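Spelled out from the first residue to the last, the chains are:
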Amino acid sequence: MHIHNVIYHSTHRGSFEYERKNGAPDYLLLFFYTPTLLTIEGESYMLDKPSIVLFSDYKPHKYISLSQEYYDDFIHFEADEEEIFLRELHFPLNKPIIISKEKCISDNIKDINDAWKCGSEFSMPIQHHLMMLLFWRLAEEWSAQKKINQDIPYFDKLYKVRQMIQKNPEENWKIQQMADEVSLSPAYFQVLYKKAFGVTCMTDVIQTKVAAAKEYLLSTDMSVASIAEELGYAQVYHFIRQFKKYAGLTPGAFRKAMRQ
């Protein structure tokens, strides 16, 4: 296993957006600590808990920070003969998994970072064994996550609803409408949704709209009122209030700050 680059706690103040239209030319492990909207080949994921993704080579992806402070860890590496090892762990490629033991994984990556920078005669075998340890720990996290999902009734249907929300930020989502997608009562739907994803369904709706609004503000000259209308808001002031709550700035202030 050969490491090309590793960065521990890469930090960005304010809003942050990054896109690899053609992916990375090697394996890329990304550990997201802060709330992030991640898109992998058109598939969107709202990362509201510390999460890790292992990208295969040349897999297009994009991520947008949903908080005023963003930080992550990343490791670029070649797997070579370890590809068989990764397959045996059944660890998913190009799909985020929630990390419950944040400090354990973070410390492991820090050790890898330190070994990579060390450059001693023993650094290569140390890096190799630390990477193997990291993947065993990630496999453990993935196994635990699958068990949790299996214990939540209607998880697959709930997950599909979440994907619908994140793919359609312009939709004026209502709780009854979302509950109908799973054929559950609104009350039971909300309980299961929060249990499955750690946030309410309406928080997901708003955060998805805010993430989409950030893209419009950064990549177009659309007015705030036009963006609000595009995202299904009947009143622009309601959009501005929600945007400021989740982004920390009004839409106008956010655009100005990012274009300076």
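**With respect to the packing of aromatic side chains**
Then step 1. The full count for this structure, using the stated rule, is 17 aromatic pairs.
Then step 2. Centroid distance F155 to Y159: 6.2 Å. Interplanar angle 20 degrees. Geometry classified as stacked. Highlighted residues: F155 and Y159, both in helix α4 (residues 155-167), separated by four residues, approximately one helical turn.
Then step 3. Under the relative-accessibility criterion, Y159 is labelled partly exposed at 25%.
Then step 4. Measuring from ring centre to ring centre gives 4.9 Å for Y193 and F197, while their planes differ by 65 degrees; the resulting arrangement is edge-to-face. Here Y193 pairs with F197, and both are found in helix α6 (residues 186-197), just four residues apart, close to one helical turn. The exposure classification of Y193 matches that of F197, with both residues buried.

**Details of the sheet that holds strand β3 (residues 27-32)**
Then step 1. One open sheet holds the five strands; their spatial order is β1-β8-β3-β6-β9, and the pairing between them is antiparallel. Lying at the two open borders of the sheet, with one neighbouring strand each, are β1 (2-13) and β9 (97-98).
Then step 2. In this fold helix α2 (residues 102-118) packs onto β1, β3, β6 (51-55) and β8 (69-78), with an angle of close to 120 degrees to the strand it touches most, β1.

**Some details on the layout of surface pockets**
Space left empty within the atom packing is revealed by a probe, the size of a water molecule, rolled over the atoms.
Then step 1. Approximately 560 Å³ is the volume attributed to the largest pocket.
Then step 2. Along the walls of the largest pocket sit 28 residues, with I98, Q145, N149, F155 and F197 positioned nearest its centre.
Then step 3. Breaking the lining of the largest pocket down by element, the ones donating at least two residues are β5 (43-47), β9, α3 (123-151), α4 and α6.
Then step 4. Tallying contributions element by element places α3 first for the lining of the largest pocket, with seven residues.
Then step 5. Considering only residue class, the lining of the largest pocket consists of 13 nonpolar, seven polar and eight charged.
Then step 6. Roughly 170 Å³ of volume is contained in the second largest pocket.
Then step 7. Elements with a minimum of two residues in the lining of the second largest pocket: α7 (201-219) and α9 (236-247).
Then step 8. Broken down by element, the lining of the second largest pocket gets its largest block of residues, four residues, from α7.

**Description of the sheet that holds β5**
Then step 1. Within the open sheet, the four strands sit side by side as β2-β7-β4-β5. Their pairing is antiparallel. The open sheet has two edge strands, β2 (17-20) and β5, and neither has a second partner. Each strand axis lies, on average, 10 degrees off the axis of its neighbour in the sheet, ignoring direction.
Then step 2. Bridge count for strand β4 (residues 36-40) against β5 is five bridges, and the pairing is antiparallel. The partner of L38 across the bridge, within β5, is Y45.

**Structural notes on a negative patch on the surface**
Then step 1. Where like charges cluster on the molecular surface, the negative patch consists of E170, E171, E229 and E230.
Then step 2. For E170, the location among the structural elements is in the loop between α4 and α5 (175-182).
Then step 3. The class of E170 is partly exposed, set by a relative accessible area of 38%.

Rules and cut-offs
Residues numbered from 1 in each chain as written. Predicted model: local features only at pLDDT ≥ 70, side-chain atom pairs only at ≥ 80, totals over all residues. Heavy atoms only, no water. Phe/Tyr/Trp six-rings, centres within 6.5 Å; stacked < 30°, edge-to-face > 60°. Helix = DSSP H or I, 4+ residues; strand = E, 2+ residues; numbered from the N terminus. Buried < 20%, exposed > 50% of the residue type's maximum accessible area, 1.4 Å probe, protein only. Pairing = 2+ DSSP bridges. Contact = heavy atoms within 4.5 Å. Axes fitted to C-alpha atoms, helices over the stretch in contact; angles between N-to-C directions. 1 Å grid on protein atoms, 1.4 Å probe; cavity = no way out; pocket = protein on both sides within 12 Å on 5 of 7 lines; lining within 4 Å. Points joined across faces, edges and corners; volume = space filled by probe spheres on them. Nonpolar A, V, L, I, M, F, W, Y, C, P; charged D, E, K, R; others polar. Patch = residues over 30% accessible without salt bridge, like charges linked within 9 Å, V, L, I, M, F, W, Y side chains within 5 Å. Areas by Shrake-Rupley, 256 points an atom, 1.4 Å probe, with all protein chains shown as cover. Salt bridge = Lys/Arg side-chain N within 4 Å of Asp/Glu carboxyl O. Lys, Arg positive; Asp, Glu negative; His and termini not counted. Charge placed at Lys NZ, Arg CZ, Asp CG, Glu CD.

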